[in-house]
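Coordinates in review
Residues per chain are reported as follows:
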Amino acid sequence: MAKIPQSTIDEVLARADIESVVGRYVTFTKRTGQNLFGLCPFHSEKTPSFSVSISKNIYKCFGCQKCGNAIGFIMDIEKMSFPEAVKYLGDQYGVPVEWEEDGKDNSSELKKRKKRVEAILTEAAGFYYKALNSDAGKAAREYAAKRQLSQKTLVKFGIGYAPDGFTNLYQYLKKKGYDDSELKDSGLFTVAKNGNLIDLFRGRLIIPIFDFLGKIVAFGGRNLGPELPKYVNSPDSLVYEKGKHLYGLNYAKSTKTKQLIIVEGYMDAIAMHQAGVDNAVAALGTAFTDNQLRLASKCGADEIVFFFDSDKAGQAAALRASKMMLSYLRRMSGIKIRIRIAAVPNGKDPDEYIKNDGVEAFKAVVKSAKDVNDYLFSRAYDDNYDVERGLDQTKFQEDIVTYGSWLFDPIKREKMAAQAAQYLGARAETIIAAMEHVEDDDLESKRTQDKREQEKADSEQIKQRIENAANAPKADVVTRDEMELLVRAVRLGPLLADESKIDRTDVIRKNDFTGHNIREVVTYFLESFDAQRGVSEAVLVNKLSEVMFNGIKAEVFFFKMSDSMPVEPTKDAEVDMYKKTLYLVRAKKCTQEMIKLRELIRNTDDEAKKQELMAKSEKLDKYYQKLQQKSDAL
Ligand SMILES: [Zn+2]
C-alpha cells in the first residue's frame, strides 16, 4: 500500500482550501459568517443544505450528513481512493506528492497484477501492429484503405490486426513469459471448454483503447467482412471499466477549443481526427455515463456537442443522456457545461458525412447543433406530430411537462413552457407548475434512491471490513459500537466537558476501547480537546488518516459511520444517544470480562484465588447492573 507522509497530507490540506476545492463543483448561493451554502452535490435537493466551513476547513451536508475535509470531498465526488485524492489535490495546488511503498498491504498485490496487465496490453498492441504490416495483414490493410484510413492515422491510433487462428497472441505472450492467470486478467482471452485460453480477437482490425493519459486499457476489434458481430470489445478488467473512458480524449484534451464533440463509435472519432476535427471523442457504447461527463469536465471542456444515431436506439439514447446530464449538472452546480445535440442530415453517420461532404460542411452541422432545451422541445413536437392527424396534444403535453421538469434553469424552463403554451392553448404558468410538480416527485424518488445506494455502500463497506478484519493485525480492531461512540463524542463538541449534562465518569476513556489504533485516536482526541470548541472533525481527520481500522483507512471508516448516523434533533437528544452508546460499549466489555472470569474460576483449584475471582466477578456484575439502570433511565 502506498503511504503518503503525514507532512505532505498536512500541506495538501493547508493549501487546498475547502472553499476553492468544493467551489469547482458547487455554486455557493449564501454566506453567513464563516459558512457558505449551496446545493448538495451528493443528494437531490431544491434548497441548499450543503455547507462549507471556511474556518474549520471542512464541508458538511445537513441533508445527507456527508462531511469531511478537502481530501474526503475529492474521494467522494471523483470516486478516488485516498492516495489518489491526495495526489490529485497535490497536483492542483502545487504540493509534490510522493508515495512510500511499504509493501505490507495486500493492495500491492493488486497493483502488481495491474502492472502485469498493462505490460500485456502494450505487448499485444505491438503484436497487432506488426501483424497489420505483415503478409497476414493484407486483407486488413485493404479494409483500412477502403475505410480511407491514412497511414498517418493508422500510426497515430496504433491500429493493428489480429490474425486468424486461435492462439497466435497466446503463443506470442507465453513466449514473453506471461502465465495463464496473468493472461486471463488482461481480458484478451476467453476460456475454451477444455480450459485452454484462446485469443478473443481473431481476424479483426484492432483499435487500441487509450485512457485520457494515453495508456492502453482495452481493445476494440472490427470485422473485415459482413459476418457478425461487427465489433468485439475487451470486457471489463483490472484496468478497464466500460463507461469510464472517452475514446480519443488523450488527443482531444490538448486541443485549443474547450468544445468536445461526442460520437458513438471509435471509427467515427478516428475519421474525424483524420479530417482535422481533433476535438472528437467516442463514448464507446450507446449509453453516455456521468463518469464520462465528469471526465470531460475534468479535462476542461465547457461545451459538449453530441451526435447520436438517427435510428430509434440512437434517439432513445439521446433522451437518456440528456436526462442524465441535466440531473448531474443540477447537482454539480459549480460545473458549467453547455450541452448541445447535433444531427447529421439525412440520417447518415458522422463518419460517412465527413467523408462525402467534407470537413467544412461537418463544422456547419456542429455549429447548428441545438441547445439541449431546444432539442427536447423539438423532440416533443416531432415525436407527436403526424402529417395527417396533426399534433397529438395529450402526448405532446406529457412530453413537454416531463422534459421541462429536467430543466433546472428557470429561464430555459420558462422559455420551453411559453413555446408549448401556443400549441396547448394553456398559460405558460400552468405548464411551469405542472413541470415543477413532476420535478418534486422526481426529486423525492431520487432521494429514496440516493439513500438506498448509500445504505448499499455502507453494507458493502461493512462486509469488506469483516473480510479485512480476518487478516488485519489486532491493533486495527474496532467494533461498530466503538466507532459509533467515538463519532457521538466528537459530535458533542464542548458539551462533552459540560458537567451539568455529562458526569465526569461518563466521558470516554482510552480503556473503553480495545484496539491499539482506536485507543491512539481517542487519546489524541482527549488531548486536543478544547473546552470552547471541542475537537473539529478536520483536526481529528488528520490523526485518523495516520491509522487503519479493520484494514481500512480510519478516516474513511469514521466518515462512513458518521454518514450513516442521523444527527439527533436536539442537543439533549445527542447527549442521551451518546450516553446510551457509551453504556452499551461498557456493558459489552463488561460481559466479555465476566466470561473470561468465569472461565478462570472454572479452571482454578486454588480456593483463595477462586474467592478473589468470585469477588471480582460480583463487582463486575454490579457494575453491569448499574450500567443497565443508567441506560434504562435515559
Ligand atoms: Zn447532501
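Residues numbered from 1 in each chain as written. Predicted model: local features only at pLDDT ≥ 70, side-chain atom pairs only at ≥ 80, totals over all residues. Heavy atoms only, no water.

**Overview of the sheet that holds strand β3 (residues 35–38)**
Pairing is antiparallel across the open sheet formed by five strands, whose spatial order is β2-β3-β4-β5-β6. Every interior strand has two partners, whereas the edge strands, β2 (28–32) and β6 (67–68), have only one. Pairing geometry for β2 and β3, over four bridges, is antiparallel. Considered in β3, the bridge of F28 is made with G38. (Pairing = 2+ DSSP bridges. Helix = DSSP H or I, 4+ residues; strand = E, 2+ residues; numbered from the N terminus.)

**Details of the domain arrangement of the chain**
When its domains are assigned, the chain resolves into domain 1 (2–101), domain 2 (116–233), domain 3 (242–368), domain 4 (370–471) and domain 5 (474–633). Put simply, the middle of domain 1 and the middle of domain 2, counted by C-alpha atoms, are 41 Å apart. (Domains from an automatic or database assignment.)

**Things to note about the pattern of salt bridges**
The tally for this structure, following the rule as stated, stands at 41 salt bridges. In this structure, D351 and K355 form a salt bridge, with 2.7 Å as the shortest nitrogen-oxygen distance. Residue D351 and its partner K355 are both found in helix α14 (residues 350–367); the two are separated by four residues, about one turn of the helix. The shortest N-O distance in the salt bridge between K412 and D409 comes to 4.0 Å. (Salt bridge = Lys/Arg side-chain N within 4 Å of Asp/Glu carboxyl O.)

**Regarding the packing of aromatic side chains**
Counted according to the given criterion, the structure contains 28 aromatic pairs. Note on F201 and F219: the rings are 6.5 Å apart at their centroids and 70° apart in plane angle, and the pair reads as edge-to-face. Taken together, the residues span a long stretch of sequence, with F201 in the loop between β10 (197–199) and β11 (204–210) and F219 in strand β12 (residues 216–223) at a distance of 18 residues. Residue F219 is classed as buried on the basis of its relative accessible area, which comes to 1%. Ring geometry for F377 versus Y423: centroids 6.2 Å apart, planes at 45°, classification tilted. Of this pair, F377 sits in helix α15 (residues 372–383) while Y423 sits in helix α17 (residues 410–424); the two residues are 46 residues apart in sequence, bridging distant segments of the chain. The exposure class assigned to Y423 is partly exposed, which follows from its relative accessible area of 34%. Feature note: the residues Y25, F42, F50, Y59 and F73 constitute an aromatic cluster, connected by ring pairs. The lysine or arginine in question, K30, covers the ring of F37, its NZ or CZ lying 4.9 Å from the ring centre. Sitting above the plane of the F42 ring, K66 keeps its charged end 5.4 Å from the centroid. (Phe/Tyr/Trp six-rings, centres within 6.5 Å; stacked < 30°, edge-to-face > 60°. Buried < 20%, exposed > 50% of the residue type's maximum accessible area, 1.4 Å probe, protein only. Lys NZ or Arg CZ within 6 Å of the ring centre and 35° of its normal.)

**Describing α15**
With 12 residues, α15 extends 16 Å between its outermost C-alpha atoms, agreeing within 8% with the 16 Å of an ideal straight helix rising 1.5 Å per residue. Taken together, the buried positions of α15 are occupied by V372, N373, Y375, L376, F377, S378, R379 and A380. Elements in contact with the buried residues of α15: α13 (312–331), β17 (338–342), β18 (370–371), α16 (393–406) and α17. (Expected span 1.5 Å × (residues − 1). Contact = heavy atoms within 4.5 Å.)

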